[in-house]
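Structural description and commentary
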Amino acid sequence: MNNSEIESNRRLRITILGINYSPEPSGNAPYTTSLAEGLRQVGHEVHVVTGYPHYPEWTLKQGYSGWLSNEEINGVSVTRLRHYIPNKPTTIGRLHMELSFGVRLLFAKWHKPDVVLVVSPALFSCALAMVRIRLRPNRPAVAMWIQDLYSRGVVETGTGGGRLGRFATSIESKILCSADGIAAIHDRFKSHMVKALEVPEDQVKVIRNWTHLPASPTTGISELRDRLGWQQTDVVVLHAGNMGKKQGLENVIEAARIADARNSPVRFVLMGDGNQRRHLESLASGIERISFVDSLPDADFQCALVAADALLVNELPGVKDMAVPSKLTSYFNAGVPVIAATDEDSVTAYEIENSGGGVRVDAADPLALVMMAEELAKDPSRGAKLAENALRFRHETLSEAVAVAHYDEFITNLATSRGR
(Lines give C-alpha, C1' and ligand atoms only; values in the text may rest on other atoms or scores of the structure.)
Protein backbone atom coordinates (compact mmCIF):
# COMPACT_ATOMS: atom_id res chain seq x y z
CA MET A 1 0.00 0.00 0.00
CA ASN A 2 1.49 3.37 -1.00
CA ASN A 3 1.43 6.56 1.07
CA SER A 4 -1.56 8.04 -0.77
CA GLU A 5 -3.60 4.89 -0.11
CA ILE A 6 -2.66 5.00 3.59
CA GLU A 7 -3.73 8.65 3.81
CA SER A 8 -7.00 7.84 2.00
CA ASN A 9 -7.72 5.01 4.42
CA ARG A 10 -7.23 7.19 7.50
CA ARG A 11 -9.06 10.22 6.09
CA LEU A 12 -12.20 10.76 8.15
CA ARG A 13 -15.30 12.88 7.76
CA ILE A 14 -15.43 14.92 10.97
CA THR A 15 -18.28 17.20 11.96
CA ILE A 16 -17.70 19.64 14.82
CA LEU A 17 -20.77 20.99 16.63
CA GLY A 18 -20.29 24.08 18.76
CA ILE A 19 -22.04 27.41 19.14
CA ASN A 20 -18.83 29.51 19.00
CA TYR A 21 -16.42 29.84 16.05
CA SER A 22 -14.35 32.39 14.14
CA PRO A 23 -14.57 35.39 13.86
CA GLU A 24 -15.34 35.44 17.61
CA PRO A 25 -12.04 36.55 19.16
CA SER A 26 -12.15 35.00 22.61
CA GLY A 27 -13.53 32.17 24.71
CA ASN A 28 -13.77 28.76 23.03
CA ALA A 29 -14.01 30.02 19.46
CA PRO A 30 -10.26 30.36 18.71
CA TYR A 31 -9.64 26.76 19.89
CA THR A 32 -12.51 25.26 17.91
CA THR A 33 -11.36 27.20 14.87
CA SER A 34 -7.71 26.21 15.05
CA LEU A 35 -8.57 22.56 15.79
CA ALA A 36 -10.87 22.39 12.76
CA GLU A 37 -8.17 23.90 10.56
CA GLY A 38 -5.50 21.66 12.09
CA LEU A 39 -7.50 18.48 11.49
CA ARG A 40 -8.07 19.56 7.90
CA GLN A 41 -4.35 20.14 7.43
CA VAL A 42 -3.53 16.58 8.53
CA GLY A 43 -5.88 15.23 5.89
CA HIS A 44 -9.39 14.95 7.32
CA GLU A 45 -12.56 16.34 5.78
CA VAL A 46 -13.90 18.77 8.37
CA HIS A 47 -17.30 20.40 8.54
CA VAL A 48 -18.33 22.79 11.33
CA VAL A 49 -21.92 23.48 12.37
CA THR A 50 -21.94 26.57 14.56
CA GLY A 51 -23.92 29.61 15.61
CA TYR A 52 -23.94 33.19 14.43
CA PRO A 53 -21.07 35.29 15.86
CA HIS A 54 -22.17 37.09 19.02
CA TYR A 55 -19.50 36.72 21.73
CA PRO A 56 -18.29 38.47 23.89
CA GLU A 57 -20.55 41.45 23.06
CA TRP A 58 -23.75 39.34 23.17
CA THR A 59 -24.98 41.06 20.02
CA LEU A 60 -25.12 39.72 16.47
CA LYS A 61 -21.95 40.64 14.61
CA GLN A 62 -22.44 43.04 11.71
CA GLY A 63 -22.52 41.41 8.29
CA TYR A 64 -24.45 38.31 9.41
CA SER A 65 -28.17 37.93 8.71
CA GLY A 66 -30.74 35.37 7.66
CA TRP A 67 -31.75 32.02 9.07
CA LEU A 68 -28.77 29.98 7.81
CA SER A 69 -25.48 30.71 6.11
CA ASN A 70 -22.66 28.69 4.58
CA GLU A 71 -19.09 29.84 4.17
CA GLU A 72 -15.57 28.49 3.88
CA ILE A 73 -12.93 29.70 6.33
CA ASN A 74 -9.33 28.63 5.63
CA GLY A 75 -10.50 25.52 3.84
CA VAL A 76 -13.05 24.47 6.49
CA SER A 77 -16.72 24.23 5.48
CA VAL A 78 -18.79 26.19 8.02
CA THR A 79 -22.57 26.10 8.37
CA ARG A 80 -24.06 28.75 10.63
CA LEU A 81 -27.46 28.35 12.28
CA ARG A 82 -29.32 31.42 13.53
CA HIS A 83 -30.25 31.17 17.20
CA TYR A 84 -31.58 33.33 19.98
CA ILE A 85 -29.05 35.81 21.47
CA PRO A 86 -29.99 37.26 24.87
CA ASN A 87 -29.39 40.96 25.47
CA LYS A 88 -28.21 40.01 28.96
CA PRO A 89 -26.82 36.48 29.39
CA THR A 90 -28.85 35.51 32.44
CA THR A 91 -29.36 31.85 33.31
CA ILE A 92 -32.72 31.80 31.51
CA GLY A 93 -31.30 33.73 28.56
CA ARG A 94 -28.39 31.34 28.13
CA LEU A 95 -30.69 28.34 28.40
CA HIS A 96 -32.98 29.83 25.74
CA MET A 97 -29.97 30.38 23.47
CA GLU A 98 -28.61 26.86 23.95
CA LEU A 99 -31.97 25.21 23.34
CA SER A 100 -32.65 27.31 20.24
CA PHE A 101 -29.27 26.30 18.83
CA GLY A 102 -29.82 22.67 19.86
CA VAL A 103 -33.19 22.50 18.08
CA ARG A 104 -31.52 23.83 14.92
CA LEU A 105 -28.85 21.12 15.26
CA LEU A 106 -31.54 18.44 15.24
CA PHE A 107 -32.54 19.32 11.69
CA ALA A 108 -29.28 20.63 10.19
CA LYS A 109 -27.13 18.78 7.66
CA TRP A 110 -24.19 17.06 9.33
CA HIS A 111 -22.57 15.75 6.12
CA LYS A 112 -22.58 12.01 7.02
CA PRO A 113 -19.70 12.12 9.50
CA ASP A 114 -17.56 9.24 10.72
CA VAL A 115 -17.00 11.17 13.95
CA VAL A 116 -18.99 13.96 15.59
CA LEU A 117 -17.10 16.21 18.01
CA VAL A 118 -19.47 18.11 20.31
CA VAL A 119 -18.06 21.18 22.07
CA SER A 120 -19.26 22.07 25.58
CA PRO A 121 -20.21 24.52 27.16
CA ALA A 122 -23.64 24.91 25.57
CA LEU A 123 -24.53 21.77 27.48
CA PHE A 124 -28.21 21.66 26.62
CA SER A 125 -27.61 21.99 22.88
CA CYS A 126 -25.11 19.16 23.34
CA ALA A 127 -27.91 17.10 24.90
CA LEU A 128 -30.14 17.59 21.86
CA ALA A 129 -27.27 16.71 19.54
CA MET A 130 -26.72 13.49 21.49
CA VAL A 131 -30.41 12.60 21.06
CA ARG A 132 -30.05 12.86 17.28
CA ILE A 133 -26.85 10.81 17.27
CA ARG A 134 -28.34 8.04 19.40
CA LEU A 135 -31.39 7.72 17.13
CA ARG A 136 -29.34 7.25 13.97
CA PRO A 137 -28.78 3.73 12.60
CA ASN A 138 -25.10 2.97 12.02
CA ARG A 139 -24.37 6.06 14.05
CA PRO A 140 -20.99 7.82 13.97
CA ALA A 141 -18.55 7.81 16.84
CA VAL A 142 -19.24 10.74 19.16
CA ALA A 143 -16.69 12.64 21.20
CA MET A 144 -17.24 15.50 23.60
CA TRP A 145 -14.71 18.28 24.05
CA ILE A 146 -15.07 19.79 27.52
CA GLN A 147 -13.82 23.36 27.73
CA ASP A 148 -15.78 24.25 30.88
CA LEU A 149 -17.50 22.13 33.52
CA TYR A 150 -21.06 23.34 33.26
CA SER A 151 -22.32 22.04 36.58
CA ARG A 152 -19.31 23.41 38.48
CA GLY A 153 -20.00 26.81 36.94
CA VAL A 154 -23.53 26.76 38.28
CA VAL A 155 -22.32 25.78 41.75
CA GLU A 156 -19.26 28.03 41.98
CA THR A 157 -20.94 31.21 40.72
CA GLY A 158 -23.99 30.60 42.92
CA THR A 159 -26.34 30.69 39.92
CA GLY A 160 -29.82 29.42 40.69
CA GLY A 161 -29.07 27.89 44.11
CA GLY A 162 -28.33 24.33 45.17
CA ARG A 163 -31.30 22.74 43.42
CA LEU A 164 -30.19 23.99 40.00
CA GLY A 165 -26.62 22.87 40.78
CA ARG A 166 -27.79 19.32 41.52
CA PHE A 167 -29.94 19.29 38.39
CA ALA A 168 -27.05 20.51 36.22
CA THR A 169 -24.73 17.88 37.75
CA SER A 170 -27.21 15.10 36.97
CA ILE A 171 -27.76 16.27 33.39
CA GLU A 172 -24.05 16.76 32.71
CA SER A 173 -23.27 13.29 34.06
CA LYS A 174 -25.85 11.63 31.79
CA ILE A 175 -24.67 13.52 28.71
CA LEU A 176 -20.97 12.79 29.27
CA CYS A 177 -21.58 9.12 30.00
CA SER A 178 -23.43 8.78 26.68
CA ALA A 179 -20.37 9.77 24.63
CA ASP A 180 -17.86 7.30 23.20
CA GLY A 181 -14.97 9.43 24.38
CA ILE A 182 -14.29 12.71 26.14
CA ALA A 183 -11.44 15.17 25.67
CA ALA A 184 -10.86 17.26 28.81
CA ILE A 185 -8.53 20.26 28.80
CA HIS A 186 -7.15 19.69 32.30
CA ASP A 187 -6.38 16.87 34.74
CA ARG A 188 -8.62 18.54 37.34
CA PHE A 189 -11.51 18.32 34.88
CA LYS A 190 -10.92 14.61 34.39
CA SER A 191 -10.75 14.02 38.13
CA HIS A 192 -14.07 15.79 38.64
CA MET A 193 -15.74 13.88 35.81
CA VAL A 194 -14.62 10.55 37.19
CA LYS A 195 -15.35 11.23 40.87
CA ALA A 196 -18.40 13.49 40.78
CA LEU A 197 -19.99 12.82 37.38
CA GLU A 198 -19.32 9.05 37.39
CA VAL A 199 -17.70 8.97 33.94
CA PRO A 200 -15.53 5.86 33.37
CA GLU A 201 -11.89 6.88 33.73
CA ASP A 202 -10.75 5.16 30.53
CA GLN A 203 -13.32 7.18 28.59
CA VAL A 204 -11.60 10.51 29.34
CA LYS A 205 -8.41 11.72 27.68
CA VAL A 206 -6.68 14.90 28.84
CA ILE A 207 -5.55 17.13 25.95
CA ARG A 208 -4.55 20.61 27.00
CA ASN A 209 -5.53 23.77 25.20
CA TRP A 210 -2.72 25.44 23.32
CA THR A 211 -1.46 28.84 22.30
CA HIS A 212 -3.25 29.69 19.07
CA LEU A 213 -1.32 32.91 18.48
CA PRO A 214 1.93 33.38 16.53
CA ALA A 215 5.06 34.69 18.23
CA SER A 216 4.48 38.02 19.91
CA PRO A 217 5.61 41.23 18.17
CA THR A 218 8.87 42.89 19.12
CA THR A 219 8.24 46.28 17.52
CA GLY A 220 5.57 48.96 17.85
CA ILE A 221 5.22 48.46 21.60
CA SER A 222 6.03 52.01 22.71
CA GLU A 223 3.84 53.40 19.95
CA LEU A 224 0.87 51.34 21.12
CA ARG A 225 1.35 52.44 24.74
CA ASP A 226 1.28 56.04 23.51
CA ARG A 227 -1.83 55.40 21.42
CA LEU A 228 -3.65 53.88 24.39
CA GLY A 229 -2.62 56.72 26.67
CA TRP A 230 -0.32 54.64 28.88
CA GLN A 231 2.44 56.81 30.32
CA GLN A 232 5.99 55.48 30.47
CA THR A 233 5.82 55.81 34.26
CA ASP A 234 2.60 53.76 34.47
CA VAL A 235 2.84 50.19 35.74
CA VAL A 236 0.14 48.76 33.48
CA VAL A 237 -1.74 45.71 34.77
CA LEU A 238 -3.86 44.48 31.87
CA HIS A 239 -6.88 42.19 32.02
CA ALA A 240 -7.76 41.04 28.49
CA GLY A 241 -10.91 39.16 27.50
CA ASN A 242 -14.44 38.64 28.71
CA MET A 243 -15.89 40.86 31.42
CA GLY A 244 -18.42 38.46 32.92
CA LYS A 245 -19.65 37.40 36.30
CA LYS A 246 -17.08 34.71 37.04
CA GLN A 247 -14.23 37.17 36.45
CA GLY A 248 -15.29 39.17 39.53
CA LEU A 249 -13.79 42.36 38.12
CA GLU A 250 -15.29 44.54 40.84
CA ASN A 251 -12.11 43.53 42.67
CA VAL A 252 -10.07 45.35 40.02
CA ILE A 253 -12.19 48.48 40.36
CA GLU A 254 -11.50 48.50 44.10
CA ALA A 255 -7.81 47.90 43.47
CA ALA A 256 -7.72 50.95 41.20
CA ARG A 257 -9.48 52.99 43.91
CA ILE A 258 -6.76 51.91 46.37
CA ALA A 259 -4.06 52.77 43.82
CA ASP A 260 -5.51 56.28 43.62
CA ALA A 261 -5.43 56.62 47.40
CA ARG A 262 -1.83 55.38 47.59
CA ASN A 263 -0.72 57.58 44.68
CA SER A 264 0.57 54.33 43.19
CA PRO A 265 2.11 54.12 39.70
CA VAL A 266 -0.10 51.06 39.02
CA ARG A 267 -2.75 51.52 36.33
CA PHE A 268 -5.35 48.83 35.71
CA VAL A 269 -6.70 48.32 32.19
CA LEU A 270 -9.74 46.21 31.30
CA MET A 271 -9.62 45.32 27.59
CA GLY A 272 -12.45 43.58 25.77
CA ASP A 273 -16.18 43.34 26.32
CA GLY A 274 -18.82 41.34 28.14
CA ASN A 275 -22.14 41.55 29.90
CA GLN A 276 -20.63 43.22 33.00
CA ARG A 277 -18.74 46.00 31.20
CA ARG A 278 -21.31 48.77 31.62
CA HIS A 279 -21.74 47.92 35.28
CA LEU A 280 -17.97 48.04 35.79
CA GLU A 281 -17.64 51.35 33.93
CA SER A 282 -20.29 52.79 36.25
CA LEU A 283 -18.43 51.57 39.34
CA ALA A 284 -15.17 53.02 37.98
CA SER A 285 -16.56 56.54 37.56
CA GLY A 286 -14.17 59.07 39.08
CA ILE A 287 -11.29 56.61 39.55
CA GLU A 288 -8.13 57.74 37.76
CA ARG A 289 -6.04 54.59 37.74
CA ILE A 290 -8.33 52.45 35.64
CA SER A 291 -9.28 52.55 31.98
CA PHE A 292 -11.30 50.48 29.53
CA VAL A 293 -10.17 49.49 26.04
CA ASP A 294 -12.36 47.95 23.34
CA SER A 295 -11.35 44.63 21.77
CA LEU A 296 -8.40 45.09 19.41
CA PRO A 297 -7.51 43.40 16.10
CA ASP A 298 -5.18 40.41 16.45
CA ALA A 299 -1.89 42.24 15.80
CA ASP A 300 -2.76 45.11 18.15
CA PHE A 301 -4.11 42.66 20.73
CA GLN A 302 -0.81 40.82 20.88
CA CYS A 303 1.11 44.08 20.97
CA ALA A 304 -1.03 45.28 23.89
CA LEU A 305 -0.22 42.13 25.87
CA VAL A 306 3.50 42.67 25.32
CA ALA A 307 3.20 46.38 26.13
CA ALA A 308 1.72 45.71 29.57
CA ASP A 309 3.91 45.36 32.64
CA ALA A 310 1.79 42.52 34.05
CA LEU A 311 -1.18 40.50 32.78
CA LEU A 312 -4.09 39.83 35.10
CA VAL A 313 -6.38 36.86 35.70
CA ASN A 314 -9.08 37.80 38.21
CA GLU A 315 -11.67 35.35 39.54
CA LEU A 316 -14.53 35.36 42.02
CA PRO A 317 -13.83 33.72 45.36
CA GLY A 318 -15.04 30.13 45.15
CA VAL A 319 -14.28 29.70 41.43
CA LYS A 320 -12.02 26.66 41.50
CA ASP A 321 -12.82 23.88 39.02
CA MET A 322 -15.33 25.30 36.55
CA ALA A 323 -12.87 26.52 33.90
CA VAL A 324 -9.26 26.99 32.85
CA PRO A 325 -9.03 30.67 31.79
CA SER A 326 -8.45 30.63 28.05
CA LYS A 327 -6.56 33.91 28.34
CA LEU A 328 -3.65 32.14 30.06
CA THR A 329 -2.42 30.61 26.81
CA SER A 330 -2.29 34.08 25.21
CA TYR A 331 -0.68 35.53 28.32
CA PHE A 332 2.12 32.95 28.39
CA ASN A 333 2.74 33.58 24.69
CA ALA A 334 3.35 37.28 25.42
CA GLY A 335 6.26 36.62 27.75
CA VAL A 336 4.94 39.02 30.41
CA PRO A 337 4.56 38.22 34.14
CA VAL A 338 1.06 37.09 35.13
CA ILE A 339 -0.75 38.05 38.33
CA ALA A 340 -3.59 35.72 39.27
CA ALA A 341 -6.11 36.96 41.83
CA THR A 342 -7.68 33.61 42.61
CA ASP A 343 -8.31 31.06 45.34
CA GLU A 344 -5.30 29.09 46.51
CA ASP A 345 -6.66 25.71 45.37
CA SER A 346 -8.15 26.83 42.03
CA VAL A 347 -7.24 25.43 38.61
CA THR A 348 -5.81 28.85 37.77
CA ALA A 349 -3.51 28.76 40.80
CA TYR A 350 -2.35 25.30 39.71
CA GLU A 351 -1.52 26.60 36.23
CA ILE A 352 0.41 29.57 37.60
CA GLU A 353 2.47 27.36 39.91
CA ASN A 354 3.00 24.67 37.26
CA SER A 355 4.18 27.16 34.65
CA GLY A 356 6.28 29.34 36.94
CA GLY A 357 5.07 32.23 34.80
CA GLY A 358 3.31 34.28 37.42
CA VAL A 359 2.35 34.97 41.01
CA ARG A 360 -0.88 34.53 42.95
CA VAL A 361 -2.76 36.77 45.37
CA ASP A 362 -6.02 35.96 47.09
CA ALA A 363 -9.27 36.55 45.25
CA ALA A 364 -11.19 39.64 46.36
CA ASP A 365 -8.15 41.20 48.06
CA PRO A 366 -7.66 44.43 46.09
CA LEU A 367 -4.86 45.77 48.34
CA ALA A 368 -2.84 42.59 47.80
CA LEU A 369 -3.31 42.99 44.06
CA VAL A 370 -1.98 46.55 44.08
CA MET A 371 0.96 45.66 46.32
CA MET A 372 1.95 42.70 44.14
CA ALA A 373 1.97 44.87 41.03
CA GLU A 374 4.15 47.40 42.85
CA GLU A 375 6.52 44.66 44.04
CA LEU A 376 7.01 43.29 40.52
CA ALA A 377 7.67 46.79 39.20
CA LYS A 378 10.39 47.31 41.84
CA ASP A 379 12.06 43.96 41.07
CA PRO A 380 12.63 43.76 37.28
CA SER A 381 14.81 40.65 37.59
CA ARG A 382 11.94 38.74 39.22
CA GLY A 383 9.57 39.85 36.47
CA ALA A 384 12.06 38.82 33.80
CA LYS A 385 12.37 35.35 35.33
CA LEU A 386 8.59 34.92 35.42
CA ALA A 387 8.38 36.03 31.78
CA GLU A 388 11.10 33.56 30.80
CA ASN A 389 9.24 30.75 32.55
CA ALA A 390 5.97 31.71 30.84
CA LEU A 391 7.55 31.52 27.38
CA ARG A 392 9.22 28.20 28.16
CA PHE A 393 5.89 26.76 29.31
CA ARG A 394 4.24 28.05 26.14
CA HIS A 395 6.75 26.31 23.88
CA GLU A 396 7.13 23.06 25.83
CA THR A 397 3.54 22.47 26.98
CA LEU A 398 1.19 24.63 24.91
CA SER A 399 2.21 23.60 21.39
CA GLU A 400 -0.62 23.65 18.84
CA ALA A 401 1.02 20.98 16.67
CA VAL A 402 1.25 18.57 19.62
CA ALA A 403 -2.37 19.21 20.63
CA VAL A 404 -3.72 18.66 17.10
CA ALA A 405 -1.72 15.43 16.85
CA HIS A 406 -3.31 14.22 20.09
CA TYR A 407 -6.79 15.08 18.81
CA ASP A 408 -6.06 13.34 15.51
CA GLU A 409 -5.12 10.18 17.40
CA PHE A 410 -8.07 10.48 19.80
CA ILE A 411 -10.64 10.94 17.02
CA THR A 412 -9.13 8.25 14.79
CA ASN A 413 -9.23 5.72 17.63
CA LEU A 414 -12.88 6.51 18.31
CA ALA A 415 -13.74 6.09 14.63
CA THR A 416 -11.93 2.75 14.55
CA SER A 417 -13.83 1.57 17.63
CA ARG A 418 -17.10 2.24 15.74
CA GLY A 419 -15.82 0.54 12.59
CA ARG A 420 -15.85 3.75 10.58
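Residues numbered from 1 in each chain as written. Predicted model: local features only at pLDDT ≥ 70, side-chain atom pairs only at ≥ 80, totals over all residues. Heavy atoms only, no water.

By the naming in an unreviewed UniProt entry, the protein chain goes by Glycosyl transferase, group 1 family protein and is assigned to Arthrobacter nitrophenolicus.

Focus on the confidence of the model for the protein chain
On average, the protein chain scores 89 in pLDDT, and the residues at 70 or more come to 94%. Low confidence marks residues 1–8, where pLDDT is under 50. Its contacts with residues over four positions away, or in another chain, come to three contacts. (pLDDT = per-residue confidence, 0-100. Contact = heavy atoms within 4.5 Å.)

Overview of the domain arrangement of the protein chain
Quoted interface sizes are often the accessible area lost when the parts come together. The domains assigned to the protein chain are domain 1 (7–210 + 399–418) and domain 2 (221–396). Relative placement of domain 1 and domain 2: their C-alpha centres are 29 Å apart. Taken together, the contacts link 22 residues of domain 1 with 23 residues of domain 2. Note on domain 1 versus domain 2: buried area summed over both sides is about 1900 Å², and carbon and sulfur give 49% of it. Here domain 1 is connected to domain 2 by two salt bridges. As a salt-bridge pair, Asp 148 and Lys 246 come within 3.8 Å of each other at their nearest N and O atoms. Connecting domain 1 to domain 2 are six residue pairs in polar contact (both at pLDDT 80 or more). Counting only elements with at least two residues in the side of domain 1 that touches domain 2, the list comes to α5 (150–156) and α7 (187–195). Considering every element that reaches the side of domain 1 that touches domain 2, the biggest residue donor is α5, with three residues. Residues that form the side of domain 1 that touches domain 2 fall into these classes: nine nonpolar, seven polar and six charged. (Domains from an automatic or database assignment. Buried area = accessible area lost by both parts, 1.4 Å probe. Salt bridge = Lys/Arg side-chain N within 4 Å of Asp/Glu carboxyl O. Polar contact = N/O pair within 3.5 Å; in protein donor to acceptor, adjacent residues only side chain to side chain. Helix = DSSP H or I, 4+ residues; strand = E, 2+ residues; numbered from the N terminus. Nonpolar A, V, L, I, M, F, W, Y, C, P; charged D, E, K, R; others polar.)

Description of the packing of aromatic side chains
Applying the stated rule across the entire model yields seven aromatic pairs. Between the aromatic rings of Trp 210 and Tyr 407, the centroid separation amounts to 6.3 Å while the plane-to-plane angle is 70°, which identifies the pairing as edge-to-face. Placement of the pair is Trp 210 in the loop between β8 (204–206) and α8 (221–227) and Tyr 407 in helix α16 (residues 400–417), with a sequence separation of 197 residues. Note on Tyr 407: relative accessible area 0%, which makes it buried. Feature note: the residues Tyr 31, Trp 145, Trp 210 and Tyr 407 constitute an aromatic cluster, connected by ring pairs. Over the face of the ring belonging to Trp 110 we find Arg 132, whose NZ or CZ atom lies 4.0 Å from the ring centre. (Phe/Tyr/Trp six-rings, centres within 6.5 Å; stacked < 30°, edge-to-face > 60°. Buried < 20%, exposed > 50% of the residue type's maximum accessible area, 1.4 Å probe, protein only. Lys NZ or Arg CZ within 6 Å of the ring centre and 35° of its normal.)

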